[in-house]
Amino acid sequence: MTSFDDLIPLLMTLAGFISAAVWATAVREFTQGRLPLQQCEPQPVRWDHWSILAALGIWVLADAIVVSLLGLESESSPLTRIQAGTYSGLGKCALLIPLWLYAAGAKPRDLLPLPGQWGGDFKAALWGLFASLLPVWIVSLLIEPLRTANNGHPLIRMLQDHPSVQTVAWITLAVLVAAPLCEELLFRVILQGWLQDRVTPSTAIVSVAIAFAAIHANSWPDPLPLIPLSLILGYVYYRRRSYLTNVLMHALFNGVNLLLALSQGPTS
C-alpha cells in the first residue's frame, strides 16, 4: 500500500497543475477585459481614522497583556510562546469584532454571511488557495539558498523538532484558527477596507501585503513568500469583500503548509 507520506508529492504535483490552470484561466480572462473571480458588492463599511488607531492600539495592547499575564521571558519555551500567540490572536478578535460592528457600522452578516452564501465564499477561498500556491512555491524555491538551520518559521521548526501531540494540537489551533481570524480581520477587513476608500485598490492591496509580510520579519526569509500570498488575499477581499472567504483561504493555505511540515518529519 502507498503510505500517506508517499502521497504528499503526488498531491502537491496535482495542486501545482491546478494552480497553473487557475493562472492560465485568470490571464485569459484579463486579456479579454474581465477580472478573475466573481465580484460581490456588499454595503461597504466605512472606517475613520479614530477606528483605525483604536484597532492598532488593540493589536499592540493584546500582545502586551498576554505577555504580562503569562510572564513570558526570553527563556520561555517555544510551546509557551505558541500558546501565548494563540491566546493573543483570539483575544484580538474578541476586541476587534465589536469595534468593527459598532464603530465602523458593520452588520452581523458582514461577519458571518447567510448560509446560502457560504458555497460562493468557499469556492472563492479555493480559487484564492490555488492561485496562491504556484507563486508562493516559486518564491520559496528562489530563497532556499538564504535558509540556514537557525532561520525559517519558528512554528515549522518546532513542529519538525518536537512532533508531540500537544505541540501539533497547539500549532494547529494557532495556524488554522487564531492566525486566520485575527490577521484577516486586521489586515484585510480593517486596514485594506480603510485604504480602499482613500487610494486605488492596487495601492491598498500592495501596501497591506508589505505590512503583512513585515510583521513576520522574525522568521526571515519566510516573509518573502508571504508577499504573493498576501497580494492574492488582498485581491480576493477586494473582489468579494467577505471576511469569511479570506479566513477560509488563509486557513486552507496554512493547512497545506502544516501537512507539508508534518510529512517532512524531524529535522536532522
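Not measured: the values here are computed from a predicted model.

> Quick question: what am I supposed to make of the packing of helix α7 (residues 165-196) against helix α9 (residues 223-240) here?
Between two packed helices, what matters for the description is the angle formed by their axes and the separation of those axes. At a closest axis distance of 11 Å, the pairing of α7 and α9 adopts a crossing angle of 65°. At the point where α7 passes α9, the crossing takes the right-handed sense. Contact with α7, carried on its side by Glu184, Arg188, Val189, Gln192 and Gln196, involves Ser230, Leu233, Gly234, Tyr237 and Tyr238 of α9 and no other residues of that element. Per-class residue counts for the contact of α7 with α9 are 4 nonpolar, 4 polar and 2 charged.

> Before we go on, may I ask you to explain the environment of Ile205 in this structure?
Among the structural elements, Ile205 can be located in helix α8 (residues 201-214). Remark: the alpha-carbon pair of Ile205 and Gly193, spanning 12 residues in sequence, is separated by 9.7 Å. Discounting residues that sit within four places of it in the chain, Ile205 has contacts with Gln192, Leu231, Gly234, Tyr235 and Tyr238.

> Honestly, the pattern of salt bridges in this entry has me stumped. Any pointers?
Side chains that carry opposite charge are capable of pairing whenever their charged atoms lie near each other. Summed over the entire model, instances satisfying the criterion amount to 3 salt bridges. Between Lys92 and Asp63 there is a salt bridge, with its nearest N and O atoms 3.1 Å apart. Of this pair, Lys92 sits in helix α3 (residues 78-103) while Asp63 is found in helix α2 (residues 49-70), placing the two residues 29 residues apart along the sequence. Among the residues examined, Lys92 registers a relative accessible area of 5% and is labelled buried. The shortest N-O distance in the salt bridge between Asp121 and Arg240 comes to 3.2 Å. One end of the pair, Asp121, is in helix α5 (residues 118-142); the other, Arg240, is in helix α9, with 119 residues separating them in the sequence. Take Asp121 and Arg240: they sit in the same class, and that class is buried.

> How do you make sense of the packing of α2 against α7 when you look at a structure like this?
The N-to-C vectors of α2 and α7 enclose an angle of 160°; their axes lie 11 Å apart at closest approach. In this view, α2 runs roughly antiparallel relative to α7, as classed from their interaxial angle. In the crossing of α2 with α7, the sense of the turn from one axis to the other is left-handed. Between α2 and α7, the residues in contact are His49, Ile52, Ala55, Leu56 and Trp59 and Cys182, Glu183, Leu186, Phe187, Ile190, Leu191 and Trp194, respectively. Tallied by class, residues from the contact of α2 with α7 come to 10 nonpolar, 1 polar and 1 charged.

> Could you clarify how one ought to interpret the side chain of Arg188 in this entry?
Inspection of the secondary structure assignment puts Arg188 in helix α7. Residue Arg188 is classed as buried on the basis of its relative accessible area of 0%. Among the polar contacts listed, one links the side chain of Arg188 to the side chain of Ser230, at a separation of 2.8 Å.

> Which parts of the structure should I look at to understand the environment of Val247?
Along the chain, the position of Val247 falls in helix α10 (residues 243-264). Between the C-alpha atom of Val247 and that of Ala178, which follows or precedes it by 69 residues, the distance is 9.9 Å. Excluding its chain neighbours within four sequence positions, the residues that come into contact with Val247 are Pro180, Leu181 and Glu184.

> Would you mind showing me how to read α8 here?
One full turn of an α-helix is made of 3.6 residues, so residues set three or four places apart face in the same direction. Compared with the 20 Å implied by 1.5 Å per residue over 14 residues, the 20 Å span of α8 between its first and last C-alpha is a close match. Of all the positions in α8, only Ala204, Ile205, Val208, Ala209, Phe212 and Ala213 are classed as buried. The arc that holds the buried residues of α8, viewed along the axis, is 155°, so those residues lie on one side.

> When you look at the UniProt feature "transmembrane region" (unreviewed entry) in the protein chain in this model, what are you seeing that I'm missing?
UniProt's entry tags residues 50-72, 84-104, 124-146 and 242-262 with the feature "transmembrane region" (unreviewed entry), counted in the numbering of this structure. The span residues 50-72 shows a helical share of 91% and a strand share of 0%, and its end C-alpha atoms are spaced 31 Å apart. For residues 84-104, the end-to-end C-alpha separation is 28 Å, with 95% helix and 0% strand making up the annotated structure.

> So what exactly am I meant to see when it comes to α3 here?
A rise of 1.5 Å per residue sets the reference length of α3, with its 26 residues, at 38 Å; its end C-alpha atoms lie 36 Å apart and thus fit the reference within 8%. The first or second residue beyond α3 is Gly105, which carries a positive phi of 75°.

> Where do I start with the packing of aromatic side chains in this structure?
Two descriptors summarise a pair of aromatic rings, namely the distance from one centre to the other and the angle between the planes of the rings. In total, this model carries 5 aromatic pairs according to the counting rule given. Between the aromatic rings of Tyr87 and Trp170, the centroid separation amounts to 5.6 Å while the plane-to-plane angle is 85°, which identifies the pairing as edge-to-face. Within this pair, whereas Tyr87 is found in helix α3, its partner Trp170 is found in helix α7, the two being separated by 83 residues in sequence. Classification of Trp170 by relative accessible area gives buried; the value is 18%.

Reading the values: the criteria
- Residues numbered from 1 in each chain as written.
- Predicted model: local features only at pLDDT ≥ 70, side-chain atom pairs only at ≥ 80, totals over all residues.
- Heavy atoms only, no water.
- Axes fitted to C-alpha atoms, helices over the stretch in contact; angles between N-to-C directions.
- Helix = DSSP H or I, 4+ residues; strand = E, 2+ residues; numbered from the N terminus.
- Left-handed = near helix turned anticlockwise from the far one by under 90°.
- Contact = heavy atoms within 4.5 Å.
- Nonpolar A, V, L, I, M, F, W, Y, C, P; charged D, E, K, R; others polar.
- Salt bridge = Lys/Arg side-chain N within 4 Å of Asp/Glu carboxyl O.
- Buried < 20%, exposed > 50% of the residue type's maximum accessible area, 1.4 Å probe, protein only.
- Parallel < 35°, antiparallel > 145°, perpendicular 65-115°, else oblique.
- Polar contact = N/O pair within 3.5 Å; in protein donor to acceptor, adjacent residues only side chain to side chain.
- Expected span 1.5 Å × (residues − 1).
- Arc of directions from axis to C-beta.
- UniProt positions renumbered as here; feature names shortened; annotations may be inferred.
- Phe/Tyr/Trp six-rings, centres within 6.5 Å; stacked < 30°, edge-to-face > 60°.

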